[in-house]
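Given next are the chains, with one letter for each unit.
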Amino acid sequence: SRSLTLGTVAAGGTLGILIPPSGIMILYCILTEESIGRMFMAGVVPGIMIAGMMSIYIFFARLGKRESRESTSAPSEKFSWNELLAALKGTWAFILIIAAVLGTIYTGIATPTEAAGLGAFFSLVIAAIYRKLNWSSLMNSLVSTVRVSTFIFFIIFGALMFGFLLANLGIIRELSNWVVSLPVPPLMIIMAIQLIILVLGCFMDPAGIMVVTMPIFFPIVKGLGFDTIWFGILFTINAELGNITPPMGLNLFVVKSVAPDDVQMTDIIRGIVPYVGILAFGLGIVLVFPQIALWLPTMMIK
């Protein structure tokens, strides 16, 4: 199924900002002064949960199409477990880097900054093992790192200046006090905030939304007494929705750019509709059951 394939690729790509390491999570923690390590761990269980929900949908979607496919096409090729395992042999490098970064953070061996250094070191070692490490590739990596870091720091600088202006004008304090005093359940306010972020996600990228909204929303969430790590995970799942919702869903355009020429944007949008529902359902589950996000951070070694 063309739409199922396109939708799976577009929606599966959103999991990268929820399952750590995640640039969006790092930006959130810098702006809010939260723990990057706890934020990373908070995204693991919700990420696995949503990935599992997507996998279940794919399984049942295939069941519905199997009969018609088998009647119109040749039998599909079967692979043995040995062949499938052999196809995964190249993934050892990624597993090593992930274990070095997340494993050392979770066990308390290293801080996120130190773990990042370990990840960079193992990347160089792996490049050397595959004989891809040379002066040209090293320089390209350094230039790319400077470019991305500069981009992120300009975003952070703008966000901090915006927050400083709002705080000194008293806008944040007055707005936070007004929202907290509203005669509505606090969870309803969180739901309203998520709805605002969802609408913004249709027109803006996650980093831009964070710069504009966090100086306003974060004090409100804190004033209501909610866990701010949990709120960060809600924002991240919402950002995933923004990446696949028209008209500005980034993943939609990425998939269109690499798909065959006969693939239309309507094919991609048709394919992501079920995944929008899955992500929204996952957001609702984490909203109602915060411990899904907070259980693993509480188990970390400090």
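Residues numbered from 1 in each chain as written. Predicted model: local features only at pLDDT ≥ 70, side-chain atom pairs only at ≥ 80, totals over all residues. Heavy atoms only, no water.

S.K.: Let's hear about the pattern of salt bridges: which residues, and what values?
M.R.: It is possible for side chains bearing opposite charge to pair when their charged atoms get close. Applying the stated criterion across every chain, the model contains 3 salt bridges. Arg2 is paired through a salt bridge with Asp262; the nearest N and O atoms lie 2.8 Å apart. Of this pair, Arg2 sits in helix 1 (residues 2-12) while Asp262 sits in the loop between helix 12 (250-258) and helix 13 (265-288), and the two are 260 residues apart along the sequence. In this structure, Asp267 engages Arg2 in a salt bridge whose closest nitrogen and oxygen atoms are separated by 3.8 Å. Placement of Asp267 in helix 13 and of Arg2 in helix 1 is noted, with a sequence separation of 265 residues between them. (Salt bridge = Lys/Arg side-chain N within 4 Å of Asp/Glu carboxyl O. Helix = DSSP H or I, 4+ residues; strand = E, 2+ residues; numbered from the N terminus.)

S.K.: Which residues make up helix 8 (residues 171-180), and what are the values?
M.R.: Note on helix geometry: an α-helix contains 3.6 residues per turn, so any two residues three or four positions apart are oriented the same way. Buried within helix 8 we find Ile172, Ser176 and Val179. Looking straight down helix 8, one finds that the buried residues subtend no more than 70 degrees of arc, so they occupy a single side. Each element contacted by the buried residues of helix 8 is listed here: helix 7 (135-168), helix 9 (186-201) and helix 10 (206-223). (Buried < 20%, exposed > 50% of the residue type's maximum accessible area, 1.4 Å probe, protein only. Arc of directions from axis to C-beta. Contact = heavy atoms within 4.5 Å.)

S.K.: Any details on the layout of surface pockets? Residues and values, ideally.
M.R.: Space inside the largest pocket adds up to approximately 1100 Å³. Forming the boundary of the largest pocket are 32 residues, of which Ile26, Ala116, Gly119, Ala120 and Thr145 lie nearest the centre. At the level of elements, helix 2 (23-32), helix 3 (36-72), helix 5 (92-106), helix 6 (112-129) and helix 7 are the ones that each hand at least two residues to the lining of the largest pocket. Residue contributions to the lining of the largest pocket peak at 10 residues, all from helix 7. (1 Å grid on protein atoms, 1.4 Å probe; cavity = no way out; pocket = protein on both sides within 12 Å on 5 of 7 lines; lining within 4 Å. Points joined across faces, edges and corners; volume = space filled by probe spheres on them.)

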